[in-house]
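The chain contents come next:
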Amino acid sequence: MDIERTAYKNLLEWKSKRPNLAKAFMLKGPRQSGKTWLIRKFGKENYKSVVEINFHTDPASRDIFSGSLSPDDIIMNISAQQLDAEFIPGNTLLFLDEIQECDRAYAALKPLAQDKRFDTIASGSLLGLGYKVSSASYPVGYVQEHILRPLSFLEFIKALGIQQNVVDHLRQCMESKKEVNRSIHERLLSLWRTYVVVGGMPDAARTFIETRTLGPVVEIQKTLHHDYELDVMKYANKNDVAKIKAIYDKIPITLASGSRRFMLSEIDKNARYERYESGFAWLFDSGTVLPCLNVTEPVIPFEVNRERILQKLFLSDVGMLCAQTLGGSQFELLSGQGNINPGYIWESAIAQELTAAGHEKLFYFDKKSVGEVDFLVCDGSGAVPIEIKSGKDWKRHKALDRLLATRTWQIGKAYVLSQGNVESDGPVTNLPWYMSMFLAPADLDTAIDFPDLSQIGDQLNGK
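Quick caveat, the model's predicted, so the values are computed rather than measured.

Caption draft 1: Spatial organisation of the sheet that holds strand β9 (residues 371-378). Within the open sheet, the 8 strands sit side by side as β7-β6-β8-β9-β10-β11-β13-β12. Their pairing is mixed. With partners counted over all chains shown, the strands left at the sheet margins are β7 (306-315) and β12 (423-425), one partner each. This sheet shows a mean twist of 30 degrees between the axes of neighbouring strands, independent of strand direction. By the bridge criterion, 3 bridges tie β12 to strand β13 (residues 428-432) in an arrangement that is antiparallel. Each residue of the ladder has a partner; that of Glu423, found in β13, is Asn430. The strands that helix α12 (residues 241-256) touches are β6 (289-295) and β7; relative to β7, the one it contacts most, it runs at about 80 degrees. Across the sheet, helix α17 (residues 343-357) touches β6, β7, β8 (362-367), β9, β10 (383-388) and β11 (414-418), and the angle it forms with β9 is around 15 degrees.

In structure tokens, the structure reads:
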């Protein structure tokens with residue numbers, strides 16, 4: 001079945017600027033995030049000819065790039081290896097899949113981008129591009145990059161049939177601080193719970209949408225978990241393998257235990273951050289784990305105030321977290337009944353949504369005199385704290401209230417995400433969990449109006 005990915009628009013925008021834009025497109029992402037499927041779909045719908053090379057499944061294709069990297073020589077070598085390859089000037093897409101397996105192909109992106117006859121898209125795993133491709137081969141200035149992550153909640157509900165007018169209505173309710181129609185609200189809460197259990201890995205989501213059963217979904221999630229462990233063996237430095245596995249295996253346990261902050265002492269009481277730092281970096285670079293960093297002050301820029309060691313770690317896909325921690329209790333979470341405390345799952349899902357919305361780094365605030373506030377984001381006006389509530393007590397948020405009451409920080413608004421409907425109470429706005437899809441950073445593409453600068457010269461001339 002077809003799933004609409006937001007990244008498709010990025011591809012269309014890139015194509016609209018070719019051939020004047022001398023850049024190839026690089027689609028990066030975690031394993032099984034749907035990169036190959038999306039590029040094939042894009043190529044089929046926008047070009048008369050698509051020439052695909054997969055360096056992983058066809059290692060011999062690396063020889064195409066072993067000699068000259070001029071576009072003419074590359075095209076000739078491809079044509080010699082793929083007799084049915086058709087290069088139509090202005091209407092051909094060259095797709096280089098798993099490019100991390102061929103360092104020379106990575107270097108070839110520059111001359112290919114400069115060639116005005118054909119468009120080039122490459123894809124690769126975040127792991128491979130970070131650990132197998134040399135920095136010397138990176139074509140600086142000639143690649144437009146985009147990271148494809150697991151499906152967001154918005155992509156998930158659209159795949160299930162939710163129309164754009166419903167999404168627009170929800171956004172309008174949020175912006176006007178108006179309650180969502182009760183029946184729509186309850187339906188969206190149900191879809192949110194479903195999304196949390198199924199997650200955003202395309203194979204898992206597609207399987208659920210086609211079968212409406214969870215058994216095959218959980219099997220896919222467990223397989224992906226196993227594949228991630230194999231990736232550690234394949235890509236990581238041998239000296240880091242044990243450390244990476246120790247960190248990765250501890251994350252679900254730490255989250256499910258109610259202790260959000262990741263403590264190295266739970267792995268080894270004598271552990272030091274410096275010894276495990278390369279393991280953390282590997283997991284972050286791979287896209288497997290989403291770090292959320294503590295800040296000493298809730299003011300922007302957060303990066304200046306971050307604490308290097310204090311951090312919360314979330315898996316990049318909440319569905320995989322559920323598969324590892326719920327032990328077959330997914331139906332209880334779907335119904336909202338039972339003894340499951342879904343706080344850690346909800347927080348993980350929101351971390352995933354904030355990342356999908358465009359927040360490149362996640363931050364939180366925890367201070368003894370205030371308490372812990374789950375997330376801090378910047379919307380262009382300043383720091384905005386976000387509290388996640390999994391139960392029915394969403395109107396109680398002592399840490400958030402203390403944070404807002406501290407005049408030094410001058411924070412003017414905050415969000416609570418809960419099962420409740422849209423409701424405003426002073427600087428605090430309650431939003432349903434599903435509205436986290438709208439909490440994007442400020443749009444920096446908005447045009448800026450300048451005054452008529454010619455008037456300045458006129459003033460000097462006495463006019």
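Now that the structure is up, let's keep going.
Caption draft 2: Just the pattern of salt bridges, in detail. Under the criterion given, the structure shown has 21 salt bridges. Between Arg31 and Asp231 there is a salt bridge, with its nearest N and O atoms 2.7 Å apart. In this pair, Arg31 is assigned in the loop between β1 (24-29) and α2 (35-46) and Asp231 in helix α11 (residues 215-235), connecting sequence segments 200 residues apart. Residue classification places Arg31 among the partly exposed residues on the basis of a relative accessible area of 26%. For Lys41, the salt bridge goes to Glu45, with nearest N and O atoms at 2.8 Å. You can see Lys41 and its partner Glu45 sitting in helix α2, 4 residues apart, about one turn around the helix. Under the relative-accessibility criterion, Lys41 is labelled buried at 16%.

Caption draft 3: Quick peek at the side chain of Asn430. The topology assignment puts Asn430 in strand β13. Overall, the relative accessible area of 5% leaves Asn430 in the buried class. Only 3.4 Å separates the side chain of Asn430 from the backbone oxygen of Gly420, close enough to count as a polar contact. A polar contact of 2.8 Å, which involves the side chain of Asn430, links it to the backbone oxygen of Asn421. Sequence-distant contacts of Asn430, defined by excluding residues within four places in its chain, comprise Trp394, Val416, Ser418, Gly420, Asn421, Val422 and Glu423.

Cut-off values and rules
- By convention here, each chain's residues receive numbers from 1 onward along its written sequence.
- Per-residue local features of the predicted model are confined to residues with pLDDT of at least 70, and side-chain atom pairs are confined, for both listing and counting, to 80 or more; whole-chain, interface and lining totals are unaffected and use all residues.
- Note: side-chain values were computed over all heavy atoms of the structure, leaving out hydrogens and water.
- Strands are labelled as partners when DSSP assigns at least two bridges between them.
- Helical segments are the DSSP runs of H or I of at least four residues, strand segments are the runs of E of at least two, and each set is numbered from the N terminus.
- Every angle, taken between N-to-C directions, lies between 0 and 180 degrees, and every axis is a line fitted to C-alpha atoms, over only the stretch in contact when it is a helix.
- Residue contacts are counted whenever heavy atoms from the two residues lie within 4.5 Å of one another.
- Any Lys or Arg side-chain nitrogen found within 4 Å of a carboxyl oxygen on Asp or Glu counts as a salt bridge.
- When a residue's accessible area, from a 1.4 Å probe over protein chains only, is under 20% of the maximum for its type it is buried; when over 50% it is exposed; and in between it is partly exposed.
- Contacts described as polar in this section are N or O atom pairs within 3.5 Å, which, within protein, must combine one atom able to donate a hydrogen with one able to accept it, while residues neighboring in sequence count only if both atoms come from side chains.

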